[in-house]
Amino acid sequence: MGALLLVGAYAGATAVFSARAQTLTADLTATLRARAAASGAQVEPVSYTRGFTHSIQVLRLTFSEGGTSQGLIVTNDIQHGPLPAFRGVGQATVTTTFRPEDPQAQAAYARAFPNRQPQIVTAIGLAGDTHSRVDVPGGTVTEQGTTVNWQPLGGTMDVQGNDTRLNLSWPGLTVSDPGDGQPTSGSIGRVTLTGENRRNGPEDPIGLGRATLTLDRASLDADADSMNLTGLNISADTTAQGGYLNSTVKYDVGTLTLPGPDGPQSLRDLQLHLSLGHLAREPLARLATLLNEAPALKETPTAPDPADPFATLDPARQAQARADLLTLLKDTPVLRLERLNVTQPGGNVTLTGQFSLPGAASLSDPELQGLADQPAAALSLADVQLKLSGTQAALNTLLGSAGPFAQMVDTETLIGAGYLTRSGDQLSLDLRFEQGRATLNGQPLD
C-alpha cells in the first residue's frame, strides 16, 4: 500500500511539474525573445512536444545583418520533476543544444563536433533557482588549409532569487595556415569570464554588480610581422549611491607589441578607465525596459528612423521615454575619463578628463528637447576638462607615430605656442571649457 501511495504521489507530482515545465519554458522564451529583439535578433517557436516525464521544445533564433540573415536552431530537452532524470529533486532539468539552420554551416558544425555537441544543462530547483553548466568540447578542424585547434570550454551560471553568478573558463586555441610559402600562425591563451549581479526584483533590468574578462595572451605571426598581447583585463562595475547609479569600465593591457616601420614597437601598461556617474536609477531602469521591449528596426524604406532609439514605441511610451531621458540630463550625470595611459621606453603619457551638462538643470523641457536638433547649443551648457601629462621623450615618440601630423609639429613647437607647459622633464596640458568660457593652461582662449 505504501509503495502504491508513493507511486501515485510521484505520478501526480510529475504531471504537475510537466505542466509547470511548459509554463517555465514559455516564460523563458518570452524573456529570450525580448532580449534578442533588443540586439536585432528574432526568436520564434518551432515546436513543443509535451510528455509525462519528458518534453522537447524547439526554437529558431534569427540574426540579421547587412541584408542577410542566419538561423540557429535551439533545442531544449526537458526532464520533468520532482525527480528529473533521477539526478536530484527539482522542477526540471533542461539540456540545451544548438545547430546552424544553413545546411553548409550545419555540415561544418558537425565536422567541428563529430562526437559530442556543445550543450548547456540547467537544473531548475523547487524554488525556481537554477544552476547551469556550460560544456563545449575541444576539437580540431581543417578548412581550406587552415587548421584550428581549440581546448574545451566550461563554466557555470547560478541564479538564486535576484542574484546571478557567472564563471566561465577557456584554455584557448591555436591557428595555423601554411599559406603559399608564407605561413601564418596565431594563438589565444586562457580566457576567463566571471560576474556577479544583484537586482532589486524581477522587473529590475539593470542590477548592481561586477563582471571581469581576462585574456592571458594572444599572438599573431605573419611572415616578418607579428603582434603579441599579454595581460588583458576588462572589468565593469555598477554601484548605487542613494537613488543614483555609478558605472565604471576599465580596459588594461600588460604589454602590446605591434609591427612598425622601424621594427616592432612595444607598449606597456595600456589603460583606459571610463566612468559614468550620478545616473538617476528609476528613470534609467524605465528607459532600459522600454528599449528592451521595443521591436527591432528593419532595414526597409518604410521603417522608422533607425537613429531614433524610440522610433518603434507607441506615442505614450515615446513620451515616457523622452521624459525619463530629460530627467537623467537634469540630474547632471558626469562622464569621466578616469585614466588613459600609455607607457613607452621614454616614459608614460596620461590623459584624464570629464564631461557634464550642469547648465541643463535650469532649462525647461521644450528647451532640453531642442538640444537634439541643435547639439552645438549644448556647448554653452557644458563643463569639459582635459588634462594631459607625460615625459617629453614619451610625447615625442607618441607624436612620431602620428603619420603626416608628426612632420608638422613636435613638443618644442607646442611648448613655444603655449599648448604645453614644462616642469622638469614633465610636459602637461590643461584644457577647460566651462559654460562657454575656454581656458588653456589657465589662460583664456579667444
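Here goes a summary of the coordinates provided.

Each value, and the rule that gives it
Residues numbered from 1 in each chain as written. Predicted model: local features only at pLDDT ≥ 70, side-chain atom pairs only at ≥ 80, totals over all residues. Heavy atoms only, no water. Phe/Tyr/Trp six-rings, centres within 6.5 Å; stacked < 30°, edge-to-face > 60°. Helix = DSSP H or I, 4+ residues; strand = E, 2+ residues; numbered from the N terminus. Buried < 20%, exposed > 50% of the residue type's maximum accessible area, 1.4 Å probe, protein only. Salt bridge = Lys/Arg side-chain N within 4 Å of Asp/Glu carboxyl O. Polar contact = N/O pair within 3.5 Å; in protein donor to acceptor, adjacent residues only side chain to side chain. Contact = heavy atoms within 4.5 Å. Pairing = 2+ DSSP bridges.

On inspection of all chains with the given rule, the structure shows two aromatic pairs. Centre to centre, the rings of Phe-113 and Trp-150 are 5.7 Å apart; their planes meet at 65°, and the pair counts as edge-to-face. A residue pair is termed long-range when its members are at least 10 positions apart, and Phe-113 in the loop between α2 (103-112) and β5 (119-124) and Trp-150 in strand β8 (residues 146-150) qualify at 37 residues. In this pair, the class of Phe-113 matches that of Trp-150, namely buried. Joined through ring pairs, the aromatic side chains of Tyr-109, Phe-113 and Trp-150 make up one cluster.

Moving on: the pattern of salt bridges. Counted by the stated rule, this structure contains eleven salt bridges. Note that Asp-204 is salt-bridged to Arg-281, the shortest N-O span being 3.4 Å. One end of the pair, Asp-204, is in the loop between β13 (191-198) and β14 (208-222); the other, Arg-281, is in helix α3 (residues 281-293), with 77 residues separating them in the sequence. Accessibility expressed as a relative area gives 9% for Asp-204, which makes it buried. In this structure Arg-281 comes out as buried when scored by relative accessible area, which is 14%. Put simply, Arg-422 and Glu-412 hold a salt bridge, and the shortest N to O gap is 3.4 Å. One end of the pair, Arg-422, is in strand β21 (residues 421-423); the other, Glu-412, is in helix α7 (residues 411-416), and ten residues separate them in sequence. On the accessibility criterion, Arg-422 (43% relative accessible area) is partly exposed. On the accessibility criterion, Glu-412 (44% relative accessible area) is partly exposed. Taken together, the shared-partner salt bridges in this structure form one network comprising Glu-44, Arg-60 and Glu-101.

Here the focus is the side chain of Ser-132. You can see Ser-132 is positioned in strand β6 (residues 130-136). Engagement of the side chain of Ser-132 in a polar contact is seen with the side chain of Thr-122, the distance being 2.8 Å. What Ser-132 contacts, discounting residues up to four positions off in sequence, is Ile-120, Val-121, Thr-122, Gly-155, Thr-156 and Met-157.

Sheet analysis places β5 next to β6, joined by six bridges and oriented antiparallel. Along β6, the bridge assignment pairs Val-121 with Arg-133. Count of turn residues in the β5/β6 antiparallel hairpin: five residues, of which Gly-128 carries a positive phi of about 95°. Relative to strand β9 (residues 153-160), β6 runs antiparallel, the two sharing seven bridges. What sits directly across from His-131, in β9, is Asp-158.

On to the environment of Gln-426. By secondary structure assignment, the location of Gln-426 is in strand β22 (residues 426-434). With a relative accessible area of 32%, Gln-426 lands in the partly exposed category. Once the C-alpha coordinates of Gln-426 and Leu-395 are considered, the two residues, 31 residues apart in sequence, prove to be 9.7 Å apart.

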